[in-house]
Amino acid sequence: LYRRYGLWFRLRKLIIWLLGMYIAIPFLVKLCPAIQAKLVFLNFVRVPYFIDLKRPQDQGLNHTCNYYLQPEEDVTIGVWHTVPAALWKNARGKDQLWFEEALGSSHPVILYLHGNAGTRGGDHRVELYKVLSSLGYHVVTFDYRGWGDSIGSPSERGMTYDALHVFDWIKARSGDNPVYIWGHSLGTGVATNLVRRLCERETPPDALILESPFTNIREEARSHPFSIYRYFPGFDWFFLDPITTSGIKFANDENVKYISCSLLILHAEDDPVVPFHLGKKLYNIAAASRSFRDYKVQFVPFHTDLGYRHKYIYRSPELPRILR
């Protein structure tokens, strides 16, 4: 009886402790909005671990060069440039100058903006670079300030400025070759911020591709399947308002009203991170926007049976046709 009572006492203490933590966390997030910002960016999660971002060839990217650019003082970002597969043999052993000059070759360029967590060397990202390279694209990607080996503190403004700097760097070297912007997940928020700014200054890209996009960060956080607090009383006040207080909006639904270039949205029906209905809702907003009246807007869904989820659309054999 004594042993049973002791076991029950310890179990009850554990339950009370867990319940206390569950109730305390919302108040902690409200008092420290920086915690919620960290959870949005997840830049401290570096997956895969133990890779040298200076050596993209270790990830099977033998026709990729690593650069470092400086968008602002005290900010340095790491960049990978993968040339089209047709230039693979020519690229072997070449230096950064050769890769920069190669942007002027007669191949289109894709600027890829990755999502939260991980680095430019993430497994699914590397696989997409390989697919796009095999289709004849230059692929330029980078880690925002605070991600990977890039120096600086993350913020929505900073991420957008980094993307603008890399876009201008590409345009200065690519001549008349088409330049497309591809954003994935949180990167779609950076992408629409960037393209809206480019359209406002009348230098739009040739097209915008959004993979697994959301409408805005508040709706994404409210709809996130992993949120154990979504039904917690005062969820918006405790969890969503601190995101806004931190200056994080990623308002794709507002940005698309000011974008004037072709738009392609890709979304898997079984996406467990960004719900499919948010991508469809964003498409409906864009399709009805007057800014797109002279441009093509297309939404391509991928059936649940395909199993592409949040980050495996690159596996689709239909992707080359879709992009063409």
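Residues numbered from 1 in each chain as written. Predicted model: local features only at pLDDT ≥ 70, side-chain atom pairs only at ≥ 80, totals over all residues. Heavy atoms only, no water.

> Any details on the overall build of the chain? Residues and values, ideally.
The helix and strand inventory of the chain stands at 12 helices and 8 strands. For the chain, whose C-alpha radius of gyration is 22 Å, the value lies close to the compact-globule estimate of 20 Å for 324 residues. Reported as C-alpha extents along the three principal axes, the dimensions of the chain are approximately 80 × 45 × 45 Å. By sequence separation, contacts in the chain at least 24 residues apart represent 74% of the contacts at least 6 residues apart. Total accessible area computed for the chain in this model is approximately 15700 Å², and 56% of it derives from carbon and sulfur atoms. When the 38 basic and 32 acidic side-chain charges of the chain are each reduced to a single mean position, those positions are 8 Å apart. (Helix = DSSP H or I, 4+ residues; strand = E, 2+ residues; numbered from the N terminus. Rg over C-alpha atoms; globule rule 2.2 N^0.38 Å. Contact = heavy atoms within 4.5 Å. Areas by Shrake-Rupley, 256 points an atom, 1.4 Å probe, with all protein chains shown as cover. Lys, Arg positive; Asp, Glu negative; His and termini not counted. Charge placed at Lys NZ, Arg CZ, Asp CG, Glu CD.)

> An account of the UniProt feature "domain: AB hydrolase-1" (unreviewed entry) in the chain is requested, with residue identities and associated values reported.
The positions UniProt marks with the feature "domain: AB hydrolase-1" (unreviewed entry) are residues 108-213. Segment residues 108-213 splits into 43% helix and 20% strand. End C-alpha atoms: 23 Å apart. (UniProt positions renumbered as here; feature names shortened; annotations may be inferred.)

> Would you mind going over the packing of helix H2 (residues 33-41) against helix H9 (residues 235-245) in detail, with residue names and values included?
Running from N to C, H2 and H9 cross one another at 85°; their axes reach a closest spacing of 8 Å. In terms of orientation, H2 and H9 fall into the roughly perpendicular class. The segment H2 lies against H9, with Pro33, Gln36 and Val40 engaging Phe239, Pro242, Ile243 and Thr245. The residue inventory of the contact of H2 with H9, partitioned by class, reads 5 nonpolar, 2 polar and no charged. (Axes fitted to C-alpha atoms, helices over the stretch in contact; angles between N-to-C directions. Parallel < 35°, antiparallel > 145°, perpendicular 65-115°, else oblique. Nonpolar A, V, L, I, M, F, W, Y, C, P; charged D, E, K, R; others polar.)

> Give me helix H6 (residues 156-174): which residues, what numbers.
Taking 1.5 Å of rise per residue, 19 residues should cover 27 Å, and H6 covers 27 Å from first to last C-alpha, within 8% of that figure. Count one or two residues on from H6 and you reach Gly175, which has phi positive near 60°. (Expected span 1.5 Å × (residues − 1).)

> Lay out the packing of aromatic side chains in plain terms, naming residues and giving numbers.
Two descriptors summarise a pair of aromatic rings, namely the distance from one centre to the other and the angle between the planes of the rings. On inspection of all chains with the given rule, the structure shows 13 aromatic pairs. The structure contains a cluster of three or more aromatic residues connected by ring pairs, namely Phe41, Phe142, Tyr144 and Trp147. Above the plane of the ring of Trp98 lies Lys94, whose end atom (NZ or CZ) is 5.6 Å from the centre. (Phe/Tyr/Trp six-rings, centres within 6.5 Å; stacked < 30°, edge-to-face > 60°. Lys NZ or Arg CZ within 6 Å of the ring centre and 35° of its normal.)

> Any chance you could break down the nonpolar core for me, citing the residues and the numbers?
Counting residues in hydrophobic clusters, the biggest one holds 63 residues, and the most contacted among them are Phe41, Leu111, Leu113, Phe142, Ile181, Leu208 and Phe250. Counting 25 residues, the second-largest nonpolar core is a separate cluster that includes Trp80, Ile110, Val300 and Phe302. (Core = buried A, V, L, I, M, F, W, Y, C linked by side-chain atoms within 4.5 Å. Buried < 20%, exposed > 50% of the residue type's maximum accessible area, 1.4 Å probe, protein only.)

> Account for the pattern of salt bridges, naming residues and giving values.
Enumeration over the complete set of coordinates arrives at 13 salt bridges. Note that Asp168 is salt-bridged to Arg201, the shortest N-O span being 2.4 Å. Linking Asp168 in helix H6 with Arg201 in the loop between helix H7 (186-200) and strand S6 (207-211), this pair joins segments that are 33 residues apart in sequence. On the basis of relative accessible area, Asp168 is assigned to the partly exposed category, the value being 30%. (Salt bridge = Lys/Arg side-chain N within 4 Å of Asp/Glu carboxyl O.)

> An account of the sheet that holds strand S4 (residues 138-142) is requested, with residue identities and associated values reported.
Strand order in the open sheet formed by 8 strands is S1-S2-S4-S3-S5-S6-S7-S8, and the pairing between neighbours is mixed. Of all the strands in the sheet, the pair left with one neighbour each is strand S1 (64-72) and strand S8 (297-302). Across the sheet, the axes of successive neighbouring strands diverge by a mean angle of 20°, strand direction being ignored. Sheet topology note: the strand S2 (residues 75-82)/S4 ladder contains 4 bridges and is antiparallel. From the neighbouring strand, Thr82 faces S4, where its bridge partner is Val139. Where helix H11 (residues 276-287) meets the sheet, its contacts fall on S6, strand S7 (262-268) and S8, and the angle it forms with S8 comes to roughly 165°. (Pairing = 2+ DSSP bridges.)

> Which residues make up a nonpolar patch on the surface, and what are the values?
On the surface, Trp8, Leu11, Leu14, Ile15, Trp17, Leu18 and Met21 cluster together into a nonpolar patch covering about 710 Å² of accessible area. Checked against the element boundaries, Leu18 lands in helix H1 (residues 2-31). (Patch = residues over 30% accessible without salt bridge, like charges linked within 9 Å, V, L, I, M, F, W, Y side chains within 5 Å.)

> Tell me about the environment of Leu278, residues and numbers included.
You can see Leu278 is positioned in helix H11. On the basis of relative accessible area, Leu278 is assigned to the buried category, the value being 2%. Linking Leu278 and Asn66, residues 212 residues apart in sequence, is a C-alpha distance of 35 Å. Residue contacts for Leu278: discarding those within four places in its chain leaves Pro213, Phe214, Thr215, Glu219, Glu220 and Ser223.

> Can you lay out the pairing of strand S3 (residues 109-113) for me, pointing to particular residues and giving the numbers?
In terms of burial, S3 is largely enclosed, as 5 of its 5 residues are buried. Taking every second residue as pointing to the same face, both faces of S3 are buried, with Val109, Leu111 and Leu113 on one and Ile110 and Tyr112 on the other. As paired elements, S3 and S4 share 4 bridges and run parallel to each other. Looking at the pairing, Tyr112 lines up with Thr141 of S4. Tracing the backbone out of S3, into helix H5 (residues 123-134) and back to the parallel element S4 gives a crossover that is right-handed. (Right-handed = clockwise from strand over helix to strand, strands pointing away.)

> Which residues make up H2, and what values do they have?
Taken residue by residue, H2 has Gln36, Ala37, Val40 and Phe41 as its buried positions. End-on view of H2: buried residues confined to an arc of 135°, all on one side of the axis. Immediately beyond the C-terminal end of H2, within one or two residues, lies Leu42, with a positive phi of roughly 50°. (Arc of directions from axis to C-beta.)

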